[in-house]
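Architecture and fold: a report
Spelled out from the first residue to the last, the chains are:
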2 protein chains.
Amino acid sequence: MGAVLLDTVEAVRAFIARERRSGSVGFVPTMGALHAGHARLIEHARRECALVVVSIFVNPLQFDRADDLREYPRTLDADRAFCDELRVDCVFAPDVTEVYPVPPQCTVEVARLADHLCGRTRKDHFRAVATIVLKLLQIIQPQRAYFGEKDAQQLAIVRRLVSDFSVPVTVVEVPTAREADGLALSSRNRLLSADDRRLATALYSALREADRQIRIGVTDTDRIKQAALARVSIHPALRLEYLEIVDPDEMQPVATVAGPVRVAAALWVGRVRLIDNLLSIPGQAESE
Amino acid sequence: MGAVLLDTVEAVRAFIARERRSGSVGFVPTMGALHAGHARLIEHARRECALVVVSIFVNPLQFDRADDLREYPRTLDADRAFCDELRVDCVFAPDVTEVYPVPPQCTVEVARLADHLCGRTRKDHFRAVATIVLKLLQIIQPQRAYFGEKDAQQLAIVRRLVSDFSVPVTVVEVPTAREADGLALSSRNRLLSADDRRLATALYSALREADRQIRIGVTDTDRIKQAALARVSIHPALRLEYLEIVDPDEMQPVATVAGPVRVAAALWVGRVRLIDNLLSIPGQAESE
């Protein structure tokens, strides 16, 4: 009685219609290569919902680089076993032609929320993310959908997508899972060499330093960023794409910290791009 | 036991959840000023569905001209009586702040399908139409939604919207209702003066002439259009915005007729813009 693996829209809808009875459906959309971060999402869904559906779909439209799409880890057998272990009811793993039998003519355009952070260099990324999330929500029709805080900008966009279109689903935010040294769990971490894995901790260090500055009362974001950037050592394998301090709902950069902010960064470690963020509240003591 | 009038998302969802039981919900989205064309949509829904919901919402985002939005006929009391008569279960008539409590950041972008015909001069119109239709479908969650053939480009876009996003609804197309002289029913007809009403028949005459040419085997669309345009008399109150011959699914202009086509036109009669279209099949005898 493991997780049922289904690969068509028709089959997954039939499964849900048959199995949910009047219970609620919890949905965890993923791109596979599941790790302990996904486990938190799934466990959260398992606690709250009668039926738990995990989708595994590497959406080609949201990749801006062919090599990134090609190299993105694909581990379906392991993912399925992982889902079995976590008592997932159904794994929905369609191929690209099932999801996009023809190239879509209708897509979701995302305004201001997609302008900064990852949106600055990956213009079409969030349009593609919003489009696939909306489509998966239509296919699965869950009552609750689970997203990680790690992809904070994506989460803000999904929240806005759901409210702008009145999609009948509750978006549940699940805190970022981290390694012992603070590195946020990500499917891309497994692409890091051992050396690069050590260097990758710079990302969390920089965010923590920004967070520390904010908590002790520094409000000038240029100064905060400078202090944070000092934590990223100069190394040929490291390239900081951005480190920004934004308001947590609208994801717009702020010049002066006057309330809760999100500190977010993207760091290239060799050929691997890692992102992370922290919600930082001025004057509040550190939780860890 | 007339149609229940509701104006909030919460109330209409609660009504539907309570009243549909396990029956199907049929949805007729309108901008009000209901006429016999809408009656056809509603009657169709009434025959097929357990619960019939009509929405009345004049979506400001889909108007490109402030005067058109201001002058668009609003007749809620008459519309409600009209719906009572047709045994509609619920009229959902939200105001603008209920539908758009904040300006949407997520909207539907429509590609090629919106490039021609009405899309040529009303760039943002179809984005706004697709956005509101998608939102209303999320609010009502009908099994069937009814749209008129008269707005053929809108219908093609709605079909594509539903398939691109896998929205769980069946789109039902209902043929255009016409006056005795062929004028397609439209809420805007009531804005015509008596003189303009007489001139307005030119629109259908032109379409019929194009249709006749296609049926007798003319394939060159320039020649067909010329013959059609000859039916629109030169009059200071008349201005043809477009007359196009397009393929019926993709709404792209064709140079040579080689199968079913849609002949579509927009005609200004005084300050009123009227649209109409016919599906035309080469070699097929006329139905009327």
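Criteria and thresholds
- Residues numbered from 1 in each chain as written.
- Chains lettered and ligands numbered in written order.
- Predicted model: local features only at pLDDT ≥ 70, side-chain atom pairs only at ≥ 80, totals over all residues.
- Helix = DSSP H or I, 4+ residues; strand = E, 2+ residues; numbered from the N terminus.
- Rg over C-alpha atoms; globule rule 2.2 N^0.38 Å.
- Buried ≥ 20, exposed ≤ 12 C-beta atoms within 10 Å, placed from the backbone.
- Contact = placed C-beta atoms within 7 Å.
- Axes fitted to C-alpha atoms, helices over the stretch in contact; angles between N-to-C directions.
- Parallel < 35°, antiparallel > 145°, perpendicular 65-115°, else oblique.
- Left-handed = near helix turned anticlockwise from the far one by under 90°.
- Nonpolar A, V, L, I, M, F, W, Y, C, P; charged D, E, K, R; others polar.
- Pairing = 2+ DSSP bridges.
- Least-squares fit on C-alpha atoms with pLDDT ≥ 70 in both.
- Arc of directions from axis to C-beta.
- Domains from an automatic or database assignment.

A tally of regular secondary structure across chain A gives 11 helices and 10 strands. Relative to the 2.2 N^0.38 estimate, which gives 19 Å for 288 residues, the radius of gyration of chain A is 19 Å and therefore close to what a compact globule would have. With the principal axes as the frame, chain A shows a C-alpha extent of 55 × 40 × 40 Å. The buried share of chain A, taken over its 288 residues, is 45%. Of the contacts formed within chain A by residues at least 6 apart in sequence, a portion of 71% connects residues at least 24 apart.

Turning next to unusual backbone geometry. Residue and element names in this part refer to chain A. For Leu117, which is not glycine, the phi torsion reads 50° and is therefore positive. Structurally, the position occupied by Leu117 is in the loop between β5 (106-110) and α6 (118-121). One non-glycine residue, Met251, adopts positive backbone phi at about 60°. For Met251, a count of 24 C-beta atoms within 10 Å translates into the label buried.

A packed helix pair is summarised by two numbers, namely the angle formed by the two axes and the spacing between the axes. Residues and elements named next belong to chain B. Where helix α7 (residues 125-140) contacts helix α8 (residues 152-164), the axes come no closer than 10 Å and their chain directions differ by 50°. Considering the angle they form, α7 stands oblique to α8. Note on packing geometry: the crossing formed by α7 with α8 is right-handed. Seen from α7, the contacting residues are Phe126, Val129, Ala130, Val133 and Leu134; seen from α8, they are Gln154, Ile157, Val158 and Leu161. Residues belonging to the contact of α7 with α8 are distributed by class as follows: eight nonpolar, one polar and no charged.

Our next topic: the sheet that holds strand β2 (residues 25-30) of chain B. Strands in a sheet are paired, the pairing made by backbone hydrogen bonds, and the direction either parallel or antiparallel. All names here are of chain B. Strand order in the open sheet made by the six strands is β1-β4-β3-β2-β6-β7, with parallel pairing throughout. The sheet is open, and its two borders are formed by β1 (4-6) and β7 (170-174), each paired with just one other strand. When strand polarity is set aside, the average angle formed by the axes of neighbouring strands in this sheet is 25°. Taken strand by strand, helix α4 (residues 76-85) contacts β1, β3 (51-56) and β4 (90-92), and its axis lies near 165° from that of β3.

In this section: the sheet that holds strand β4 (residues 90-92) of chain A. All names here are of chain A. Taking strand neighbours across the sheet as the criterion, the six strands line up as β1-β4-β3-β2-β6-β7 in an open arrangement whose pairing is parallel. In this open sheet, the two strands that pair with only one neighbour each are β1 (4-6) and β7 (170-174). Averaged over all adjacent pairs, the angle separating strand axes in this sheet is 25°, with direction ignored. Where strand β2 (residues 25-30) and strand β6 (residues 144-148) come together, two bridges link them in parallel fashion. Paired with Phe27 across the two strands is Ala145, which belongs to β6. Most of the contacts of helix α7 (residues 123-140) go to β2, to which it runs at about 145°, and overall it touches β2, β3 (51-56) and β6. Across the face of the sheet, helix α8 (residues 152-164) comes into contact with β6 and β7 while running at roughly 165° to β7.

A few words on the relation of the copies chain B and chain A. After a rotation of 180° and a shift along the axis of 0.0 Å, chain B superposes on chain A with an RMSD of 0.0 Å. Read as a symmetry element, the transformation amounts to a two-fold axis. Across chain B, the rotation axis passes nearest the C-alpha of Val108 of chain B, at a separation of 2.4 Å. Taken as a fraction of all interface residues of chain B, those also at the interface in chain A reach 100%, which identifies the copy contact as same-surface.

Moving on: helix α11 (residues 221-229) of chain A. A turn of α-helix holds 3.6 residues, and therefore any two residues three or four places apart point the same way. All names here are of chain A. Taken residue by residue, α11 has Thr221, Ile224, Lys225 and Ala228 as its buried positions. Buried residues of α11, seen end-on, are gathered within an arc of 95° and therefore sit on one face of the element. Those residues of α11 that are exposed and angled more than 90 degrees off the buried face are Asp222 and Arg223. On its buried side, α11 packs onto α10 (201-215) and β8 (238-246).

Taken together, the contact between chain B and chain A spans 24 residues of the former and 24 residues of the latter. Elements supplying a minimum of two residues to the side of chain B that touches chain A: β5 (106-110), α7 and α8 of chain B. Partitioning the side of chain B that touches chain A into residue classes produces 14 nonpolar, five polar and five charged. The pairing of β5 of chain A with β5 of chain B spans five bridges and is classified as antiparallel. Paired with Val110 of chain A across the two strands is Cys106 of chain B, which belongs to β5 of chain B.

Moving on to the domain arrangement of chain A. All names here are of chain A. According to the domain assignment, chain A consists of domain 1 (4-174) and domain 2 (187-280). Computed over C-alpha atoms, the centres of domain 1 and domain 2 are 26 Å apart. Taken residue by residue, the interface counts 16 residues in domain 1 and 18 residues in domain 2. Elements that contribute at least two residues to the side of domain 1 that touches domain 2 include exactly α6 and α8. Taken together, the residues that form the side of domain 1 that touches domain 2 break down as eight nonpolar, four polar and four charged.

A few words on the environment of Pro282 of chain B. Residues and elements named next belong to chain B. Within the secondary structure layout, Pro282 lies in the segment after β10 (272-280). For the pair Pro282 and Val218, spaced 64 residues apart in the sequence, the C-alpha separation amounts to 8.2 Å. Once residues lying within four places of it in the same chain are set aside, the contact partners of Pro282 are Ile214, Arg215, Gly217 and Val257.

Another aspect to go through is helix α1 (residues 9-19) of chain B. Residue and element names in this part refer to chain B. Within α1, burial applies to Val9, Val12 and Ile16. The arc enclosing the buried residues of α1, seen along the axis, measures out at 75°, which places them on a common side. Turned more than 90 degrees off the buried face of α1, the exposed positions are Glu10, Ala14, Ala17 and Arg18. Among the structural elements, β1, β2, β3, β4, α5 (96-99) and α7 are those in contact with the buried residues of α1. Just past α1, the residue Arg21 takes up positive phi, approximately 50°.

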